[in-house]
Protein chains: 2
Amino acid sequence: MTDDAPDDLPPAGLLPAGLMDLLPPEAEREAALVETLMAAFAAHGYERVKPPLLEFETSLLAGSGAAVAEQTFRLMDPVSQRMMGLRADTTPQVARIAATRLGGQARPLRLCYAGQVLRVRGTQIAPERQLPQVGVELIGSEAAAADAEVAVVAAEALGRAGVAGISLDISLPTMAATLLDAAGMTLEALAARGLDRRLRRQMEEGIDRKDPVRVLTIAARAAPLAADLAALLPRLLEAAGPADAGLAAVAALELPPAARAIADNAAAVIAAIRARAPDLRITLDPVEFRGLRYHVGVAFTLYGPGATGELARGGRYRSGNDEPATGMSLYPDAVQRAAPAPAPMPRAFVPLGTPEAALAPLRAQGFATVCALSPADAPRALRCTHVFRDGRPVPLSQEE
Amino acid sequence: MTDDAPDDLPPAGLLPAGLMDLLPPEAEREAALVETLMAAFAAHGYERVKPPLLEFETSLLAGSGAAVAEQTFRLMDPVSQRMMGLRADTTPQVARIAATRLGGQARPLRLCYAGQVLRVRGTQIAPERQLPQVGVELIGSEAAAADAEVAVVAAEALGRAGVAGISLDISLPTMAATLLDAAGMTLEALAARGLDRRLRRQMEEGIDRKDPVRVLTIAARAAPLAADLAALLPRLLEAAGPADAGLAAVAALELPPAARAIADNAAAVIAAIRARAPDLRITLDPVEFRGLRYHVGVAFTLYGPGATGELARGGRYRSGNDEPATGMSLYPDAVQRAAPAPAPMPRAFVPLGTPEAALAPLRAQGFATVCALSPADAPRALRCTHVFRDGRPVPLSQEE
């Protein structure tokens, strides 16, 4: 592939930026990984749904779908003459199914999905515009045990895929806004006192960047509105870390009632996770809210070991018809980087004239049989590991 | 869902025509079926590739892709400002991969794929606009053994999926045109004699509809051009049926050399299939060419028992860079209708307070564990088949 093709046509074989071919063995590895994750979900009673890749943009972008509206490809449906979207997230579709076609089914409803999502633009660090997405949704329960279950099931699925050293980060995306509201630092109150309304946004940014100096500076500028925050926020920022220490630090703080309820719910979710997965490493970040645009209650991020990055993300949200729901999305491409590569399938070259009946047992043993189609076919060129000879697979290294 | 929503917005939950949600248990069944088919391909040395859902229309619609151009959704890529297509067929993408990124790999190249395809419009009998497509491509061999292998592997995959009573229909899509050309019934010859050029198309239609009366009528009108055809075509139409009788009937005919070569190749392919799959039922339809727009040599259709319809389709074609290739596409939605439904996964309700350690063995036995999240959760409402009690799964029918 070259970049110097004429302007009017892309060079043959060139794909649009962020769209790529998966070749052997990566394509097989991804597919096997997806099925491993889905098998873990099924083992916990999550049943698979498969929404279409395209649907009307009005339904696709409703509810939590609004968060990905600007990343959604649109195209005209010539049949209905209405705009359709190519999904950028499967969660809103599952919420639609739960609210409509499965609206009459008993709650809690456990659903899972696997499929491709597309987005209009990649980013510099994540250039892909087509990604596999796999996930679980647990709809219709307010219980902390429901949040715990999706975290535990997602972590177990990663474990089944061979990812070691998983850690679960819990954040409380409504905590920062709740504290600012409770401290009277609302847009209306700022305006009423002749203060800059932008202080609210600047404070949120300071919290999100975990910048205590900035938080204290803004709090001073907003005085007397944010008086309590000056003492509270730096200590909440410091509480980020291992969950037990973080919960203890938060418990020692004097929180306004609405914020205390958020912290108590987090403690209940963490206790419920510990009951089901005592060995899972959990961290707590009480004021983090970055990128969590539609979550209420707890939000989850699962990390693999070292610098493998985010493997899964989710938490509590409001589903269709305002039903309580909690879920996790797993990113198989990231999981694949964090999991060990499986052993490749051994390939046995089958010389011309070998009777077919001898080959089924070989396949049943886990060999791929690669049959010669002409005298020119050669085992090494066809990347075989074995040759079928005298009724058995002989490793190529032992061949003369 | 209702049809009486206001004109400007589709009713919530309504999907565009031909696009649908797969619900439990159908979604799981389809996914399991796809993986079963892909495992059969892998066992024969076919390696998985995964091209993107979207690519530049210039590459997507090149070669055999031209056959689905009018069924391909187009959308503008905001990054490159070029038109992209949403694939309606995966075969052209695999041909592109074989010609470019895998261009240096030894031949024959065995590739397989599984994924979704989309099309602009459904038909009355096949309204779906999103379909799963699974297939194999064998690229770089001219051998009859190559055609035989893809037919045998596809039939074996259907067998693994539980489809009984498979039959393979072989047609020779270039036979009719070759005979018309050999009989001098070309557009140029018709025009030179002052005959209606439409006679060629009408004759093709008569052949395609297996209508000997029409064929003889048109042949008479095209006289003397089609003199040989009047004797030959009705007997070729009659030769359609079980392969052995068909081959014998064709062997007895006096065919022009180009047509004889096509028949001889069919006989070689059938012999190669018999060598690998002696029990496969094969029919031959020497002059069929309907819907086979880019095939050369033999074309294949696999049928299930009774009225289950076409399960797979393929045959020989020219791949990228004019490489010889042969392949099969399988339609999992049709296969699913022809295959027996697998047994559903048993679901064990787990009462509140059950220790987690007891559940992993249950899941290892093939049970889905459905954990109560609140005292309100009840096993029957959650469609459980068992309740976990006294350390074991008790069938709900035995519960009091």
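Because the structure is a prediction, the values reported are computed rather than measured. (Residues numbered from 1 in each chain as written. Chains lettered and ligands numbered in written order. Predicted model: local features only at pLDDT ≥ 70, side-chain atom pairs only at ≥ 80, totals over all residues. Heavy atoms only, no water.)

**Section: the pairing of strand β9 (residues 281-285) of chain B**
Residues and elements named next belong to chain B.
Next, step 1: Pairing analysis gives five bridges linking strand β7 (residues 167-171) to β9, with the strands arranged parallel. Counted as the bridge partner of Ile170 is Leu284 from β9.
Next, step 2: With two bridges joining them, strand β8 (residues 241-242) and β9 adopt antiparallel strand pairing. Looking at the pairing, Gly241 lines up with Leu284 of β9. (Pairing = 2+ DSSP bridges. Helix = DSSP H or I, 4+ residues; strand = E, 2+ residues; numbered from the N terminus.)

**As for the relation of the copies chain A and chain B**
Next, step 1: The operation relating chain A to chain B is a screw motion whose rotation component is 180°, with 0.0 Å of axial translation and a residual RMSD of 0.1 Å. A rotation of that kind, with that shift, is consistent with a two-fold axis. For chain A, the residue whose C-alpha comes nearest the rotation axis is A:Leu75, separated from it by 3.2 Å.
Next, step 2: A shared binding surface is used by both copies, with 100% of the interface residues of chain A retained as interface residues in chain B. (Least-squares fit on C-alpha atoms with pLDDT ≥ 70 in both. Contact = heavy atoms within 4.5 Å.)

**Description of the domain arrangement of chain A**
Next, step 1: Its domain assignment divides chain A into domain 1 (26-166 + 299-338), domain 2 (175-265) and domain 3 (347-398).
Next, step 2: With centres defined by C-alpha atoms, the gap from domain 2 of chain A to domain 3 of chain A works out at 68 Å. (Domains from an automatic or database assignment.)

**Re the pattern of salt bridges**
Next, step 1: Enumeration according to the criterion identifies 54 salt bridges over all chains in this entry.
Next, step 2: Put simply, B:Arg383 and A:Glu47 hold a salt bridge, and the shortest N to O gap is 2.7 Å. Placement of B:Arg383 in the loop between β14 (368-371) and β15 (386-389) and of A:Glu47 in strand β1 (residues 47-48) is noted, with the two residues assigned to different chains.
Next, step 3: Under the relative-accessibility criterion, B:Arg383 is labelled partly exposed at 34%.
Next, step 4: Between A:Glu288 and A:Lys210 there is a salt bridge, with its nearest N and O atoms 3.1 Å apart. Here A:Glu288 is found in the loop between β9 (281-285) and β10 (299-303), whereas its partner A:Lys210 is found in the loop between α7 (198-208) and α8 (212-222), with 78 residues between them in sequence.
Next, step 5: Judged by its relative accessible area of 11%, A:Glu288 is buried. (Salt bridge = Lys/Arg side-chain N within 4 Å of Asp/Glu carboxyl O. Buried < 20%, exposed > 50% of the residue type's maximum accessible area, 1.4 Å probe, protein only.)

**Description of the side chain of A:Asp147**
Residue and element names in this part refer to chain A.
Next, step 1: Along the chain, the position of Asp147 falls in helix α4 (residues 144-160).
Next, step 2: A relative accessible area of 0% places Asp147 in the buried class.
Next, step 3: For Asp147, the side chain forms a polar contact with the side chain of Arg316, separated by 3.0 Å.
Next, step 4: Those residues within four positions of Asp147 in sequence are excluded, and the remaining contacts are Val269, Val298, Phe300, Arg316 and Thr326. (Polar contact = N/O pair within 3.5 Å; in protein donor to acceptor, adjacent residues only side chain to side chain.)

**Overview of the sheet that holds strand β4 (residues 82-86) of chain A**
Residues and elements named next belong to chain A.
Next, step 1: With antiparallel pairing, the three strands of this open sheet are ordered in space as β2-β4-β3. With one partner strand each, in any of the chains shown, β2 (54-56) and β3 (73-77) form the two edges of the open sheet. Adjacent strand axes in the sheet meet at a mean angle of 40°, parallel and antiparallel pairs treated alike. (Axes fitted to C-alpha atoms, helices over the stretch in contact; angles between N-to-C directions.)

**Considerations on the environment of A:Gly320**
Residue and element names in this part refer to chain A.
Next, step 1: When you line up the elements, Gly320 lands in the loop between β11 (310-318) and β12 (324-330).
Next, step 2: Expressed as a C-alpha distance, the spacing of Gly320 and Met185, which sit 135 residues apart in the sequence, is 31 Å.
Next, step 3: Contacts of Gly320, omitting those with residues within four sequence positions, involve Ala95 and Ala99.

**Overview of the side chain of A:Thr90**
All names here are of chain A.
Next, step 1: Relative to the elements of secondary structure, Thr90 occurs in the loop between β4 and α3 (91-99).
Next, step 2: By relative accessible area, Thr90 is classed as buried at 1%.
Next, step 3: Sequence-distant contacts of Thr90, that is, excluding residues within four places in its chain, are made with Pro51, Tyr113, Val117 and Gln133.

**A look at the packing of α4(A) against helix α11 (residues 257-276) of chain A**
Residue and element names in this part refer to chain A.
Next, step 1: One can describe the packing of α4 onto α11 by two numbers: an axis separation of 8 Å at closest approach and a directional angle of 50°. Overall, the two elements α4 and α11 adopt an arrangement that is oblique. Every pair of crossing elements has a handedness; the one defined by α4 and α11 is right-handed. Touching Ala144, Ala145, Asp147, Ala148, Glu149, Ala151 and Val152 of α4 are Asn265, Ala268, Val269, Ala272, Ile273 and Arg276, all from α11. (Parallel < 35°, antiparallel > 145°, perpendicular 65-115°, else oblique. Left-handed = near helix turned anticlockwise from the far one by under 90°.)

**Quick look at helix α5 (residues 175-182) of chain B**
All names here are of chain B.
Next, step 1: Regarding α5, the residues found buried are Met175, Ala176, Thr178, Leu179 and Leu180.
Next, step 2: Buried-residue contacts for α5 involve α7 (198-208), α9 (227-238) and α11 (257-276).
Next, step 3: Backbone geometry just after α5 places Gly184 at a positive phi near 80°.

**Observations regarding the interface of chain A and chain B**
Often, the extent of an interface is quoted as the loss of accessible area upon association of its parts.
Next, step 1: Between chain A and chain B, the contact holds 87 residues from the first and 87 residues from the second.
Next, step 2: For the pair chain A and chain B, the two sides together bury roughly 7600 Å², of which 61% comes from carbon and sulfur.
Next, step 3: Broken down residue by residue, the surface that chain A buries against chain B is led by A:Arg48, A:Lys50 and A:Leu373, which jointly contribute 10%.
Next, step 4: On the surface where chain A and chain B come into contact, there are 16 salt bridges.
Next, step 5: Taken together, the links from chain A to chain B amount to 30 residue pairs in polar contact (both at pLDDT 80 or more).
Next, step 6: For the side of chain A that touches chain B, the leading source of residues is helix α1 (residues 26-43) of chain A, giving seven residues. (Buried area = accessible area lost by both parts, 1.4 Å probe.)

**Digging into the environment of B:Arg87**
Residues and elements named next belong to chain B.
Next, step 1: Topologically, Arg87 is positioned in the loop between β4 (83-86) and α3 (91-99).
Next, step 2: In this structure, the C-alpha to C-alpha distance between Arg87 and Leu53, residues 34 residues apart in sequence, is 5.8 Å.
Next, step 3: Apart from residues no more than four positions distant in its own chain, Arg87 is found in contact with Pro51, Pro52, Leu53, Leu60, Gln93, Gly115, Gln116, Val117 and Leu118.
Next, step 4: Here the side chain of Arg87 touches Pro52 through a polar contact of 3.3 Å, landing on its backbone oxygen.
Next, step 5: Of the polar contacts made by the side chain of Arg87, one reaches the side chain of Gln93; its length is 2.9 Å.

**Examining the confidence of the model for chain A**
Next, step 1: Looking at chain A, the pLDDT average stands at 92 and 95% of residues meet or exceed 70.
Next, step 2: Under a pLDDT of 50 for its full length, residues 1-6 of chain A has, in the predicted model, five contacts with residues more than four places off or in other chains. (pLDDT = per-residue confidence, 0-100.)

**Some thoughts on the sheet that holds strand β2 (residues 54-56) of chain B**
All names here are of chain B.
Next, step 1: In space, the three strands of this open sheet follow the order β2-β4-β3, with antiparallel pairing throughout. Of all the strands in the sheet, just β2 and β3 (73-76) have a single pairing partner and so form its edges. When strand polarity is set aside, the average angle formed by the axes of neighbouring strands in this sheet is 35°.
Next, step 2: As paired strands, β3 and β4 are joined by four bridges and run antiparallel to one another. The residue bridging Met76 from the neighbouring strand is Met83, located in β4.

**A few points about the pairing of strand β11 (residues 310-318) of chain B**
Residue and element names in this part refer to chain B.
Next, step 1: Bridge analysis of strand β10 (residues 295-303) against β11 gives six bridges, and the strand direction is antiparallel. Within β11, the position partnered with Thr301 by the bridge is Arg313.
Next, step 2: Looking at chain direction, β11 and strand β12 (residues 324-330) are connected through seven bridges and run antiparallel. By the bridge assignment, Arg318 is partnered in β12 with Pro324.
Next, step 3: Linking β11 to β12, which pair antiparallel, is a turn of five residues; within it Asn321 sits at a positive phi near 55°.

**With respect to unusual backbone geometry**
Next, step 1: Put simply, A:Pro24 and A:Pro25 share a cis peptide bond, and its omega is 0°.
Next, step 2: Mapped onto the secondary structure, A:Pro25 falls in the segment before α1.
Next, step 3: At A:Arg383, a position not held by glycine, the phi torsion is positive, near 60°.
Next, step 4: At B:Asp390, a residue that is not glycine, the phi angle is positive and equals roughly 50°.
Next, step 5: Among the structural elements, B:Asp390 can be located in the loop between β15 and β16 (392-395).
Next, step 6: Residue class for B:Asp390 comes out exposed when judged on its relative accessible area of 74%.

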